[in-house]
Amino acid sequence: MTPSLAEALARRLPEAMRTDPEVRCLAALVSAAPFVPFVLLRDVRRAAVPLGGLAAEARLCESHLVESVAADGFVLHGTVRTALRKALREAVMEDGVDLDVAQLRPKMHDGLELLSPLLRIEERVVWRYVTEHDYLDACDRELATVVKGVTQERRLRMLEWASGAMTRLPADLLSAPSVWLLAQLCRVQDLPHPQLGWPEGALDDGLFLDVMHFVPQTVVGISRDGARLTLGPVSAQRPIGIRVPATQPVSVRVQWAGDREGQVASGIDRAVKSVATGTGAVTIVGLDGRAVQLSAMAPGDNAPEVRDQQQVFDRLEDALARRRELTASPVRLDVGPHGYLVRLSEEPAVTAYMPLSAAQMPWLTEDPGMRVPEGLQRVRVTRVDREKQRVSVSRVRGVVSRGNLRQGQLVRAAITAKTVQGFLFDLTDAAGLSVPQYERVFGMMGSQDLPASVGWEPKYRSSRSYAIEENTELDIVVTAIKRGNRGLRVSVRPAERSDVPGGRLPEGLAVGDRLWGTVLEKAYHGIRFALGDEREDTGTSQTGLRGLVLNTELSWEGKWFFGGGDARDFPLVTGDRCELVVVGVHEVTGELSLSLKQVVEDPGQVALRTLRPGSEVDGVVMRRESDSWRVRLEPWSAMTTVPVGSFEGRLRTGTRIRMRVRHSDPLTHAVIAELIRVYTD
């Protein structure tokens, strides 16, 4: 006879988890969700344990299986969650327990909708693992959507979820190819991730190559002796370096005349591997599909690549000794960034390193190495290391000149870069100078000179959040030209405009109106929408209009409100439809300014109305103010101060604390609280 779910779980759970039957059934059925909303618990209880009543829910929330309880749900202990998932799968697969998924799953819909999209994906993956025999391919397809979101839509913040999800997923799921790809992406972003071996199952070639383009390159050394090809860390024994994706583990495929299919060499960044290739031609293929061709070698002679390398380094040492100028084109920023990687035109096989100190790039308010210079640069070789295969160069500076540029001159120029403090304009063409004979001339427009616009103020916002893209041309006026140690320091301001473009709202629209919009494109500073569909209040239609939601108007969450969030990471994709609120018109671009966060009421103001003397709330320390600390209550938009008291020395910016409210005025939003606990984790 098929046992009941409660009986099967009782046999398979440890003694410490064998609570009453109703509680263990409820806990097992909701264990797929990393966070369990109370609505989900209620729906599962009504479907699976209808006779348990509310008492069963209460017993579960009060049991030792639950780690923490919030206002809208709870979280099971990690070890408990793992044991419940394993026991539930074994009960279904081995004991034949029927969960009646066709009836149960639809009833869980409303509760699961309260989870964020990424947590819903995690729950679906675990549910497939629990209820399906051949789960790996289906789970891999679910997780592949996350990989595509990161690689194709540049939603890098999804990796923060992936980093945590890989610690919560069942161990059997970590062999899925998409999990291995997510681990590589997390490694690139310096996020915690498991050390995984080569994945099981077939890899999606297109998706795999997309991920490999995100992974930085590393160098592994090779050598040939006429019998074997040896791969491993670069050393005197393996002097030829090849660049391959820095995956974990680093792997390549070696192909030769005797084996066209090839052999995989893995972990060659830390261990030495050898392949019997003989004297014939060899092809080494990296995971990104790039191939290195090694010509056939004569018996008893050195490998051709060794002879070619020695000749290249001979020429570079000659250029170093003669201080000969070479031309180089930048490849990319080094990891850090600490400098540039450049390719020498005279020696295209060599990638040289140019430190920031040797680049001497023109004046910037941010780190001058944050932008890859364009075009050819004149350089000199400063160091040649044959053993480590390292070549360093320094940029040869051109003549510093203002050319035709004069103070008060009206110039039309494109924005080269957006920094925290302002905009950078390339004025080289306006000055009538040629590169690289002359140094480039850049002009800086400070954030204090930018016209204020709806949702952006220079006192609180970064200039990177200003609603103008790079490469946009503006009319500017040169206000000052000064000569400094690093070249000319040119200050500019916007040209005066007698007629502000688009200074008025379109006819039929007013501030506060609600419209529906479709996401067109995403930039750092905001998301652009195409407006359409009927407005509910008037029944009129606004089609053909475009509007911009600045990152400060995306969400009430602090990182967006303070302009610190990159709008490209916001969880909206091209084609999504949203309801928006009209807040004004941008003073420079003339675009309609919209808000996404104002569709709902500020949660901080809602929280203020619920605070009462004696309430205990959590907060985050913001800064020290004399004998007290400025604290941001959670939700963030409520602020208060607490005296330092006996906790001096234990508080710093970012510390989470527990407070007791002494006074709260909903009208003035004034909150006075006292500190009762400092969280140590």
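Residues numbered from 1 in each chain as written. Predicted model: local features only at pLDDT ≥ 70, side-chain atom pairs only at ≥ 80, totals over all residues. Heavy atoms only, no water.

**Remarks on the overall build of the protein**
Going by this rule: Secondary structure counts use DSSP, requiring at least four H or I residues in a row for a helix and at least two E residues in a row for a strand, with both numbered from the N terminus. Contacts are assigned to residue pairs that have any heavy atoms within 4.5 Å of one another. Note that accessible areas follow from Shrake-Rupley with a 1.4 Å probe, and for residues the cover is restricted to the protein chains shown.
Within the protein, the secondary structure is distributed over 16 helices and 31 strands. Of all intrachain contacts in the protein linking residues separated by at least 6 positions in sequence, the fraction that spans at least 24 positions is 60%. Roughly 33100 Å² of accessible area belongs to the protein as shown, and the carbon and sulfur atoms make up 49% of that amount.

**Description of the packing of helix α8 (residues 117–131) against helix α9 (residues 136–151)**
What counts here: For helices, the fitted axis covers only the stretch in contact; all axes are lines through C-alpha atoms, and the angles between them, taken along N-to-C directions, range from 0 to 180 degrees. If an angle is under 35 degrees, it is roughly parallel; if it is over 145, roughly antiparallel; if it lies from 65 to 115, roughly perpendicular; otherwise it is oblique. Crossings are classed by handedness, with left-handed meaning an anticlockwise turn of the near helix from the far one by less than a right angle and right-handed meaning a clockwise turn. Throughout this entry, Asp, Glu, Lys and Arg are counted as charged residues, while Ala, Val, Leu, Ile, Met, Phe, Trp, Tyr, Cys and Pro are counted as nonpolar. The remaining residues, Gly among them, count as polar.
Axis separation between α8 and α9 bottoms out at 9 Å; the angle between their running directions is 170°. Between α8 and α9, the angle falls in the class roughly antiparallel. Two packed elements cross with a definite hand, and for α8 against α9 that hand is left-handed. Side by side, α8 and α9 meet where L118, I121, R124, V125, R128 and Y129 of the first sit next to A138, C139, E142, L143, T145 and V146 of the second. Class assignment of the residues belonging to the contact of α8 with α9 gives a composition of eight nonpolar, one polar and three charged.

**A look at the pairing of strand β16 (residues 390–395)**
The cut-off we apply is this: Each residue's exposure class comes from its accessible area (1.4 Å probe, protein chains only) as a fraction of the maximum for that residue type: buried when under 20%, exposed when over 50%, partly exposed otherwise. At least two DSSP bridges between two strands are required for those strands to pair.
The buried count for β16 comes to five of six residues, which makes it a mostly enclosed element. By the bridge criterion, six bridges tie strand β15 (residues 377–385) to β16 in an arrangement that is antiparallel. Counterpart to R380 in the pairing with β16 is S394. Here β15 hands over to β16 after four residues, with Q389 in that stretch at a positive phi of 55°.

**Digging into the sheet that holds strand β1 (residues 36–37)**
What the three strands build is an open sheet, ordered β1-β3-β2; its pairing is antiparallel. Two strands bound the open sheet, and with one partner strand each, they are β1 and β2 (66–69). Note that β2 and strand β3 (residues 73–76) share three bridges and pair antiparallel. Across the sheet, V66 pairs through a bridge with L76, a residue of β3.

**Considerations on the sheet that holds strand β20 (residues 473–484)**
Pairing is mixed around the closed barrel formed by five strands, whose spatial order is β17-β18-β19-β21-β20. Strand-to-strand twist in this sheet, taken as the mean axis angle between neighbours without regard to direction, amounts to 50°. Sheet topology places β20 next to strand β21 (residues 487–494); eight bridges connect them, and they run antiparallel. The partner of K482 across the bridge, within β21, is R489.

**Some thoughts on the nonpolar core**
This is how the line gets drawn: In these notes, a set of buried Ala, Val, Leu, Ile, Met, Phe, Trp, Tyr and Cys residues joined through side-chain atoms within 4.5 Å is what counts as a nonpolar core.
Formed by 81 residues in total, the largest nonpolar core has its most connected members in L5, L60, L65, F74, L99 and W161. Filtering out sequence-adjacent residues up to four positions away, L60 remains in contact with V23, L26, A27, L41, L65, V66 and F74. Ranked by size, the runner-up nonpolar core spans 25 residues in total, among them V411, V441, W456 and V490.

**Looking at helix α5 (residues 78–93)**
Where we set the bar: To estimate how far a helix should extend, the number of its residues minus one is multiplied by 1.5 Å.
Taking 1.5 Å of rise per residue, the 16 residues of α5 would be expected to cover 22 Å, and the 23 Å separating its terminal C-alpha atoms lies within 8% of that figure. Within α5, 12 of the 16 residues are buried, which leaves it mostly tucked inside the rest of the structure. Within the sequence span of α5, burial applies to V80, R81, A83, L84, R85, A87, L88, R89, E90, A91, V92 and M93.

**Here's the deal with the environment of H109**
Summarising the element assignment, H109 is placed in helix α7 (residues 109–112). Along the sequence, H109 and V39 sit 70 residues apart, while their C-alpha atoms lie 9.7 Å from each other.

**Examining the pattern of salt bridges**
For clarity, the threshold we go by: The term salt bridge refers to a side-chain nitrogen of Lys or Arg lying within 4 Å of a carboxyl oxygen of Asp or Glu.
What the rule picks out here adds up to 37 salt bridges. Taking the shortest distance from any N to any O, the salt bridge between E325 and R380 comes out at 3.3 Å. Of this pair, E325 sits in strand β12 (residues 325–333) while R380 sits in strand β15, and the two are 55 residues apart along the sequence. Judged by its relative accessible area of 24%, R380 falls in the partly exposed class.

**Considerations on the packing of aromatic side chains**
Test applied: For this analysis, a ring pair means two rings from Phe, Tyr or Trp (six-membered ring only for Trp) whose centres lie within 6.5 Å, classed as stacked if their planes differ by under 30 degrees, edge-to-face if by over 60, and tilted for the remaining angles. Two conditions define a charge sitting above a ring: the NZ of Lys or the CZ of Arg must be within 6 Å of the ring centre, and it must be within 35 degrees of the ring normal.
Enumeration over the complete set of coordinates arrives at four aromatic pairs. Both rings, one in W180 and one in F208, keep their centres 6.1 Å apart while their planes meet at 10°; by these two values the pair is stacked. Taken together, the residues W180 in helix α11 (residues 177–188) and F208 in helix α12 (residues 205–214) connect sequence positions 28 residues apart. Take W180 and F208: they sit in the same class, and that class is buried. Ring centres of F423 and Y466 lie 5.9 Å apart, and the angle between their planes is 65°; this geometry places the pair in the edge-to-face category. Of this pair, F423 sits in strand β18 (residues 422–426) while Y466 sits in the loop between β19 (442–446) and β20, and the two are 43 residues apart along the sequence. Y466 carries the same exposure label as F423, and that label is buried. Over the aromatic face of Y129 sits the side chain of R89, whose NZ or CZ is 5.1 Å from the ring centroid. We note R656 situated over the ring of Y679; from NZ or CZ to the ring centre the distance is 4.8 Å.

**Here's the deal with the side chain of S223**
Using the following cut-off: Pairs of N or O atoms are called polar contacts if they sit within 3.5 Å, as long as, within protein, a hydrogen donor faces a hydrogen acceptor (for residues adjacent in sequence, only side-chain-to-side-chain pairs).
Along the chain, S223 falls in strand β4 (residues 217–224). What makes S223 buried here is its relative accessible area of 18%. From its side chain, S223 meets the backbone oxygen of Q237 in a polar contact 3.3 Å long.

**Section: the side chain of D95**
Of note, D95 is situated in the loop between α5 and α6 (101–107). A relative accessible area of 17% places D95 in the buried class. Reaching out from D95, the side chain makes a polar contact with the side chain of R12 at a distance of 3.0 Å.

**Quick word on the packing of α5 against α8**
One can describe the packing of α5 onto α8 by two numbers: an axis separation of 7 Å at closest approach and a directional angle of 40°. Taken together, the axes of α5 and α8 are oblique relative to one another. Contact residues: α5 offers R85, L88, R89, V92 and M93, while α8 offers V126, Y129, V130 and T131. Its residues assigned to classes, the contact of α5 with α8 shows six nonpolar, one polar and two charged.

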